[in-house]
Amino acid sequence: LDYAHRHGVIHRDIKPENVLLHDGSALVADFGIALAVSGPGVGSRMTETGMSLGTPQYMSPEQAMGEREITARSDVYALGVVCYEMLIGEPPFTGPTAQAIVAKVMTAEPAGLIAQRKSVPPAVEDAVLTALQKLPADRFGTAAGFADALTGKGRAGEGRSPAHMSARSPVRRTARYAAMAFGGGLVLGAVLTAVVRPSSPEPKVTRYRLALPPSQAPIDVSPVTASPDGGAIAYIGPAPNQAVQLWIKRRDRADANPLAGTEGVANFVWSPDGQSIAFTQAQYLKRVPVLGGPVATLSDSASTNPGLTWLDDGTIVGVLLGGARGLMRIPAAGGKMTVLLHDSLSVAWPTALPGSRGILYTRCRSTCTASQEIWAYDLRSGATHIVVAGALLAHYFPSGQLAYIRPDGAIMAARFNLATMRTEGVPVPIVDSVMVVNGAFPSASFSESGTLTLRRGSPRSAAQQYQMVWVDRAGHQTPIDPAWTFRMTNFGANYGWAISPDGSKMAIGLATDAGDDIWVKQLPRGPLSRVSYDSAADFRPRWTQDGLTVFFASNRSALGVGGGLYARRADGTGSDSLLWRADGGIFEAQWSPDRRWLLFRTGGIVGLAGGRDIVGIRPGVDSAPVPIVATAFDEEAIALSPDGHWLAYESNETGQTEVFLRPFPATDSGKWQISNGGGVAPLWARNSKELFFVSSAGDMMAEPIASAAKPRGGPPRMLFHLADDLYMSATEFYTPFDVAPDGRFIMAVRMPLPPQTENPLIVVDNWLEELKAKVGSR
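Residues numbered from 1 in each chain as written. Predicted model: local features only at pLDDT ≥ 70, side-chain atom pairs only at ≥ 80, totals over all residues. Heavy atoms only, no water.

**Quick look at the packing of aromatic side chains**
The geometry of an aromatic ring pair is captured by the separation of the ring centres together with the interplanar angle, meaning the angle of the planes.
Now for step 1: Using the criterion set out here, one finds 17 aromatic pairs in the structure.
Now for step 2: Ring geometry for Phe720 against Phe745: centres 5.9 Å apart, planes inclined by 65°, an arrangement best described as edge-to-face. Of this pair, Phe720 sits in strand S52 (residues 717–721) while Phe745 sits in strand S54 (residues 745–750), placing them 25 residues apart in sequence. Residue Phe720 shares its accessibility class with Phe745, and that shared class is buried.
Now for step 3: Following the ring pairs from residue to residue traces out a cluster consisting of Tyr466, Trp484, Phe486, Tyr495 and Tyr727.
Now for step 4: Between the NZ or CZ atom of Arg363 and the centre of the ring of Trp375, over which it lies, the distance is 4.9 Å.
Now for step 5: Sitting over the face of the ring of Phe733, Arg612 holds its NZ or CZ atom 3.9 Å from the ring centroid. (Phe/Tyr/Trp six-rings, centres within 6.5 Å; stacked < 30°, edge-to-face > 60°. Helix = DSSP H or I, 4+ residues; strand = E, 2+ residues; numbered from the N terminus. Buried < 20%, exposed > 50% of the residue type's maximum accessible area, 1.4 Å probe, protein only. Lys NZ or Arg CZ within 6 Å of the ring centre and 35° of its normal.)

Okay, structure coming up:
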């Protein structure tokens, strides 16, 4: 900066975004509104009349009031603001509007640094406060002088009258400068009039549609949330490789911009100051600056269940990992995670109440498609109580209203007593026909600024419908029961079904309005009966050898975290019995034919590399699981041969997922790679003489197995190419389909999706005024 000044250039827009750091050195950038000096201490202006250009938080008082004479001391002031922010965390003067900030720049004194951060040396505080003096003559004459004072090479008092030595008090200096500004600066006069004596009419409620090009458009099933000051919106939009990421759209810009490092985002929330966003990515809770910058990981125990909230005490609350049956809290700067509450049901959509008084959250069954209620959690006492029944998401406004969205898409509002955290009076309808996806995800969000964003429309189902088909070895499909369509489990896309040993029945995980449960279907066109009834998600069933019992994975837990393996009679009688529980969850399991081993796989977080392992227990022998195939890589998709001699599984140890084979139970006595170039979904023929898998090209392959002593009977043979409508995920961690005793595969075929109507994004500015008019204020 001193170099620029010595070459006759005044920058006029010094701020963090315009200072680049490279190899330990700083570079001043963006001279877009700089002045070239045309006389001693005077810049040749872009206009002949006074004009205020720059960023309010970093503008000097003389620049803010549009003074004609802007010198190097104005840049020194801005650099002082940057130093202040580096030390304290925010500029000395902030406010909700540019006018409010400018008013503080002109009239207020910055708070001392040492009072806010004891480790700041006195000489540094004196140097920074000297640079922030209202009068240019009281600041450093050059940027080099400021640098010397910061590094101890010079004295803060050189080249000016230091604040603690001035004969005029800070109040008198401020009043004198304000009087000068009021007498000579029309811009400041307008600002002070707006701040001190507002005469503008009440804010007007405005509605408009926001359209962005497809490459920037929000995912229409995720919320679009305005920043606390209403100056920008954040949303989940497209990313390379069919992924998603966070995007920011500012009001003063035509295009939206993605936030690097946010790929795979599931939930997000603005910080109260609008400078950062917290988001979940797989099981991680992270934080990223809105203007871009390094992403910080805060926790590895956050659920992707919807909802995050940022309290005004600097902590973030989200849904607890493992069953989504609790709330966790962590400092926004990072630190120890604490558990706020455990629940017997799922929780979602936590929302902070002001003053860190409490949390509103949704309590619901399974995947929140049933029994939705708004509850309050008192952060002081730890007590909880129901607030509103039959609601998906709620938001409190400081003017005293609680707005909430019902599953039918209506936005309701009522007076809310913050002291008791209960509604008062009769709820009032505010908006109807908000689009709700899958009965649980409202396409609307509220902002502290009073901005409402929403999509209108009737309830929409984004869940894929399926039918079951037989697929023979040539790939020909035959419908099993054309009258039966279904939705697979919602929780983690943990799809899977299995045919009974005699081939007469099929156990399957289904999603209904009651949640994710295990059902048994009589084949081919018999009745469908429910087997599991817990409010948690149950998924991926298997049969015992006698065909009398179904065992399955579940995310239920007595403590609200983890998950386990349960069993139930296939006719639905009796009660569930717990086979094994693991804090990290159990995501698939299989009994050995002789019932001596129960194998299961732990680790089911998509973004957790190397966390999937195959372990086992010998009931009555082992008190803890023993590793079966557990390495630094991912092992999954357990496939024990019907004769119990071989274990097939998937591993990414080669850099891509391949199918491997090991002897069982002596898995360390040999290993063979079966697929080449990628392979998933291993599955055995009923006679143990063939191992099926799906190649990376989508082909069903068959590997002959000669005998128990010799696994490789020949090269894999292609049976058929999987049709596009047959279910297969891009990445399978479990073999979802099964093979019948007659050799046919039982697979799911996707049903055509109904045409979806366009639901444009609507932004309602100053919506709070409408809310107050209908409900009233405190």
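Read on, since the account is not over.
**A short note on the pattern of salt bridges**
Now for step 1: Going through the model one piece at a time under the given rule, you end up with 22 salt bridges.
Now for step 2: Of the charged contacts, one joins Arg473 and Glu690 as a salt bridge, the two residues approaching to 3.0 Å between their closest N and O atoms. Taken together, the residues span a long stretch of sequence, with Arg473 in the loop between strand S31 (466–471) and strand S32 (477–479) and Glu690 in strand S50 (residues 690–695) at a distance of 217 residues.
Now for step 3: Of the residues examined, Arg473 reaches a relative accessible area of 33% and is grouped as partly exposed.
Now for step 4: Owing to a relative accessible area of 18%, Glu690 belongs among the buried residues under this scheme. (Salt bridge = Lys/Arg side-chain N within 4 Å of Asp/Glu carboxyl O.)

**What about the side chain of Asp343?**
Now for step 1: Relative to the helices and strands, Asp343 is located in the loop between strand S18 (338–342) and strand S19 (346–352).
Now for step 2: Overall, the relative accessible area of 11% leaves Asp343 in the buried class.
Now for step 3: Of note is the side chain of Asp343, whose polar atom sits 2.9 Å from the backbone nitrogen of Leu345.
Now for step 4: At 2.8 Å, the side chain of Asp343 and the side chain of Arg363 are in polar contact. (Polar contact = N/O pair within 3.5 Å; in protein donor to acceptor, adjacent residues only side chain to side chain.)

**A word on the packing of helix H3 (residues 72–88) against helix H5 (residues 122–131)**
Now for step 1: Look at H3 against H5: their axes get within 7 Å of each other, and the N-to-C directions meet at 140°. Classified by the interaxial angle, the pair formed by H3 and H5 is oblique. At the point where H3 passes H5, the crossing takes the left-handed sense. For the pair H3 and H5, the contacting residues are Val76, Tyr77, Gly80, Cys83, Tyr84 and Leu87 in the first and Val124, Val128 and Ala131 in the second. (Axes fitted to C-alpha atoms, helices over the stretch in contact; angles between N-to-C directions. Parallel < 35°, antiparallel > 145°, perpendicular 65-115°, else oblique. Left-handed = near helix turned anticlockwise from the far one by under 90°. Contact = heavy atoms within 4.5 Å.)

**Examining helix H9 (residues 767–775)**
Note on helix geometry: an α-helix contains 3.6 residues per turn, so any two residues three or four positions apart are oriented the same way.
Now for step 1: By the burial criterion, the buried members of H9 are Trp767, Leu768, Glu770, Leu771 and Val775. All buried residues of H9 fall inside an arc of 155° around its axis, so they share one side.
Now for step 2: Positive backbone phi, at 95°, marks Gly776, one or two positions downstream of H9. (Arc of directions from axis to C-beta.)

**Things to note about the confidence of the model for the chain**
Low pLDDT marks regions whose predicted coordinates should not be analysed in detail.
Now for step 1: Per-chain confidence: the chain averages 84 in pLDDT, with 86% of residues scoring 70 or above.
Now for step 2: Counting contacts from residues 156–200, a segment whose pLDDT is below 50, to residues more than four positions away or on other chains yields 63 contacts. (pLDDT = per-residue confidence, 0-100.)

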